[in-house]
Amino acid sequence: MLRTAIIAFLSILCLSGCSSTTKSLTWTSSNVVISDFKAFDIQPVSNATGGTISEEVLSSLTQLLRYRFKVENLQLTDSRPTGIDSLTVQSEVLEYKFQYFTGPPPSSGNKSGLCIVRTRLLQKPANSPVAEIITFYKVDVGQGMLEPKTPEYLLKEVATTIAQEVAKMM
């Protein structure tokens, strides 16, 4: 019994630093049926932070969006001609922060990775907005033994959330 209690306590201790926050807000146009569209043209993700973000982060997020759309069975225009039945997916990073810690994290509370992305679905050819998704993902970095330590994890979760929100609209 004591051994079980110790194992449970150590498990809770290891996992105590593992926390993440995912939120998304979705707006959809009331006069357009999104399920009428059969394909998505994913544009390269842009930087709207007002600061600098590595091109590697932006291109990685673009590739992850393409992959996650395929996982959610959302057709991409790569395999079919673009036309009136497709939507353009424009994403821009509004806030991005990820800091590595080689030792213990600072006590200042600045211990997290943060990514906020705005994604717009635009109807061709007029580029009129059909839907908008704002995704907020925050993850603690460096506190727990099992916590994700790479920016790829943060970007993967953001791309997954965006693709799932689009799939829900369909």
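Residues numbered from 1 in each chain as written. Predicted model: local features only at pLDDT ≥ 70, side-chain atom pairs only at ≥ 80, totals over all residues. Heavy atoms only, no water.

## Description of the overall build of the protein
- Within the protein one finds three helices and six strands.
- Of the regular secondary structure in the protein, the N- to C-terminal order runs α-β-β-β-α-β-β-β-α.
- Every one of the 170 residues in the protein was classed for burial, and the buried ones make up 37%.
- For the protein, the share of sequence-separated contacts (at least 6 apart) that also reach a separation of at least 24 residues comes to 74%. (Helix = DSSP H or I, 4+ residues; strand = E, 2+ residues; numbered from the N terminus. Buried < 20%, exposed > 50% of the residue type's maximum accessible area, 1.4 Å probe, protein only. Contact = heavy atoms within 4.5 Å.)

## Things to note about the confidence of the model for the protein
- Of the residues in the protein, 71% have a pLDDT of 70 or more, and the chain-wide mean is 76.
- Note on residues 1-20: pLDDT under 50 across the span, and 16 contacts to partners over four residues away in sequence or across chains. (pLDDT = per-residue confidence, 0-100.)

## Brief notes about the environment of Cys-115
- Secondary-structure assignment places Cys-115 in strand E5 (residues 112-123).
- Separated by 36 residues in sequence, Cys-115 and Pro-151 have C-alpha atoms that sit 9.7 Å apart.
- In contact with Cys-115, not counting residues within four places along its chain, are Glu-95, Tyr-96, Thr-135, Phe-136, Tyr-137, Leu-154, Leu-155 and Val-158.

## Concerning the nonpolar core
- In terms of nonpolar packing, the biggest core is built from 36 residues, with Phe-40, Leu-61, Phe-69, Val-93 and Tyr-96 touching the most fellow members.
- Contributing elements (two or more residues each) for this core: strand E2 (39-42), helix H2 (55-71), strand E4 (86-97), E5, strand E6 (128-140) and helix H3 (151-169).
- Filtering out sequence-adjacent residues up to four positions away, Phe-69 remains in contact with Phe-40, Ile-42, Leu-74, Leu-76, Val-89, Ile-162, Ala-163 and Val-166. (Core = buried A, V, L, I, M, F, W, Y, C linked by side-chain atoms within 4.5 Å.)

## Here's the deal with H2
- Taking 1.5 Å of rise per residue, the 17 residues of H2 would be expected to cover 24 Å, and the 24 Å separating its terminal C-alpha atoms lies within 8% of that figure.
- Listed as buried for H2 are Val-57, Leu-58, Leu-61, Thr-62, Leu-64, Leu-65, Arg-68 and Phe-69. Along the axis of H2, the buried positions cluster into a sector of 165°, meaning they face one direction only. Those residues of H2 that are exposed and aimed more than 90 degrees away from the buried face are Glu-55, Glu-56 and Lys-70.
- Summarising the contacts, the buried residues of H2 are in contact with E2, strand E3 (46-47), E4, E5 and H3.
- The opening residue of H2, the one whose side-chain oxygen lies 3.0 Å from the backbone nitrogen of Glu-56, is Ser-54.
- Of the residues trailing H2, Asn-73 is marked for its positive phi of about 60°. (Expected span 1.5 Å × (residues − 1). Arc of directions from axis to C-beta. Polar contact = N/O pair within 3.5 Å; in protein donor to acceptor, adjacent residues only side chain to side chain.)

## Regarding the environment of Gln-75
- With respect to the helices and strands, Gln-75 occurs in the loop between H2 and E4.
- The spatial distance from the C-alpha of Gln-75 to the C-alpha of Ala-39 is 4.7 Å, given a sequence separation of 36 residues.

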